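Here are the chains, one letter per residue:
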Amino acid sequence: MMKWKKTPAVKAILVLAGILSLALLGFRYLAPRDSSAANPPFQVVQIGRGAMENTVSSTGTLAAVETVEVGTQVSGTISRLLIDYNDQVQKGEVLAVLDQSLFQAAVKEAEAGVLKAGAELARAEDEFRRNQPLFEKGYLSEQEFLPIRIDVDTAKASLLSAEATLQRAQINLDYTVIRSPIEGTVIQRSVDAGQTVAASLSTPTLFLIAEDLSRMQIEADVDETDIGRIRRGQPVRFEVQSYPELTFAGVVQQIRLQPETISNVVTYTVIVEAPNDQALLLPGMTATVDFIVEQVENTLLVPNAALRFQPRQGLGADTVTGTPAGPEESGRGRVYCLTAEGRPRAVSVTTGSSDGEVTVITGGALEEGDTVVIGSSQPGATAERGRSFSLFGAMRGGPRP
């Protein structure tokens, strides 16, 4: 086998060949490329039809539609407690009983007073009957007969007073038995057996009963800037933290006119009715509420970025064709579509409502499937930047690469 001997000339040739190879590689990677081929000059999106809604967001607290605070009108010690939390009670059912010893004694004392007053009346009437014939025959003067007649009237008044005292004592005895005023569910119990309750100027609350937990309401605080968009009967969508995967529905039932000012922010209380057939919603839960102000289905939508886009010199602005829209007016807009040559062409459109991300197109030459420009791929050309994607459905959730 023959072996090559590396002479100085051969070494020089090999070194020169290596240098040439590196130069060719460097030229290949460092040579200017067609930027329009690598980076399209415009970012576009294909528009389509979809649904859009405008909402007003707020937070509120869930509560039962109707609750009743059950208290006591007499003071005493709880001798028996017959219900507990979450118990279902009927109207008139006994909830608790106070110690009745003093009240029963008061009733007996009042009964004795009635008997005494009745006896006094009987004595006075008997005295009157015996002396009346004598007065009529002139054996007794008017001055002598007058006290006898007054004694009868006084005895009658004393009897009426004694009977009223007995009635009051009996009512107080009846108040020692605390009954439910409605049919519902006990959601709060503030006393225990053996506890003393005092009824003074304000009646203490012993129990809180919700009439129907299958119907709930949300007391939502709406900012004064948004209250004008809320109306009675408006549909509402809300969520609670306990069930983040579920969405509940409700309806605006009432807008209270009394404002509340907290940290210089004026809010109004809006009452939302919410069905609770599955008993998932509990009083006191915090609800995140969306008032649905406007909702449209199957309408042509365009990204707001397309309505804001304006081409500049050097990016095809001098090749714009078509009739551009005039000065910005309410309900008027302009978008740019790409021609077959890749040039932007202005198209006038009539716009409707917007949710801040997309706008409804109600008129104009724009059709479903058209491609509109939403930004430029070249830095510094326009303030609108974004990513190109073809399916409009992805626009609602953010651009796709």
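Here's a quick rundown of the structure. Bear in mind that the values here come from a model prediction, so they are computed numbers and not experimental data.

1. A short note on helix 3 (residues 101-137)
In an α-helix, one full turn covers 3.6 residues, which means residues spaced three or four apart are oriented alike. The terminal C-alpha atoms of helix 3, which comprises 37 residues, lie 55 Å apart, in line with the 54 Å expected from a rise of 1.5 Å per residue. The sharpest bend along helix 3 comes to roughly 30 degrees, located at Asn131, with the proline Pro133 sitting one to four residues further on. Against helix 4 (142-175) lie the buried residues of helix 3. Two residues or fewer after helix 3 comes Gly138, characterised by a positive phi angle close to 90 degrees.

2. A closer look at the pattern of salt bridges
Applying the stated criterion across every chain yields a total of 10 salt bridges. Arg123 is the salt-bridge partner of Glu120, the closest N and O atoms lying 3.6 Å from each other. Of the two residues, Glu120 and Arg123 both sit in helix 3, three residues apart, roughly one turn of that helix. Accessibility expressed as a relative area gives 48% for Arg123, which makes it partly exposed. Its salt-bridge partner being Arg189, residue Asp192 comes within 2.6 Å of it at the nearest N-O pair. A residue is classified by how much of its surface remains accessible, and Asp192, at 44% relative accessible area, is partly exposed. Residue classification places Arg189 among the buried positions, given a relative accessible area of 16%. Sharing partners across several salt bridges, the network here consists of Asp126, Glu127, Arg129 and Arg130.

3. With respect to the sheet that holds strand 5 (residues 88-89)
With antiparallel pairing, the four strands of this open sheet are ordered in space as 3-10-8-5. Because the sheet does not close on itself, it has two edges, and the strands there are strand 3 (67-71) and strand 5.

4. A look at helix 4
For helix 4, which comprises 34 residues, the first-to-last C-alpha distance of 50 Å matches the rise-based estimate of 50 Å (1.5 Å per residue) to within 8%. Summarising the contacts, the buried residues of helix 4 are in contact with helix 3 and strand 7 (177-179).

5. Section: the packing of aromatic side chains
Aromatic ring pairs are described here by two measures, namely the spacing of the ring centres and the angle between the planes. Evaluation of the coordinates by the stated rule reveals five aromatic pairs. Aromatic side chains Phe135 and Phe145 sit 4.6 Å apart centroid to centroid with 10 degrees between the ring planes, which places their arrangement in the stacked category. Taken as a pair, Phe135 in helix 3 and Phe145 in helix 4 lie far apart in primary sequence, 10 residues in all. The class for Phe135 is partly exposed, based on a relative accessible area of 24%. Owing to a relative accessible area of 2%, Phe145 belongs among the buried residues under this scheme. Ring geometry for Phe238 versus Phe248: centroids 5.5 Å apart, planes at 20 degrees, classification stacked. Of this pair, Phe238 sits in strand 12 (residues 235-240) while Phe248 sits in strand 13 (residues 248-262); the two residues are 10 residues apart in sequence, bridging distant segments of the chain. Note on accessibility: Phe238 and Phe248 belong to one class, buried. One aromatic cluster in this structure is built from Phe42, Phe309 and Tyr336.

What counts, and at which threshold
In this convention, every chain numbers its residues from 1, walking through the sequence in written order. Given that this is a predicted model, residues contribute local features only at a pLDDT of at least 70 and side-chain atom pairs are listed and counted only at 80 or more, while totals for whole chains, interfaces and linings are drawn from all residues. Hydrogens are left out, water is left out, and the side-chain values use all remaining heavy atoms of the structure. Only DSSP runs of H or I covering at least 4 residues are called helices, and only runs of E covering at least 2 are called strands; the numbering of each starts at the N terminus. Each helix should span, by expectation, one fewer than its residue count multiplied by 1.5 Å. One axis fitted to the seven residues ending at a residue, another fitted to the seven starting there: the angle between these axes is the bend at that residue. The contact rule is simple, with two residues in contact once any of their heavy atoms fall within 4.5 Å. Salt-bridge detection follows one rule: a side-chain nitrogen of Lys or Arg within 4 Å of a carboxyl oxygen of Asp or Glu. Burial status follows relative accessibility: with a 1.4 Å probe on protein chains alone, a residue under 20% of its type maximum counts as buried, one over 50% as exposed, and anything between as partly exposed. When DSSP locates at least two bridges between a pair of strands, those strands are taken to pair. For Phe, Tyr and Trp, where Trp contributes only its six-membered ring, two rings pair if their centres lie within 6.5 Å, and the inter-plane angle classes them as stacked under 30 degrees, edge-to-face over 60, or tilted in between.

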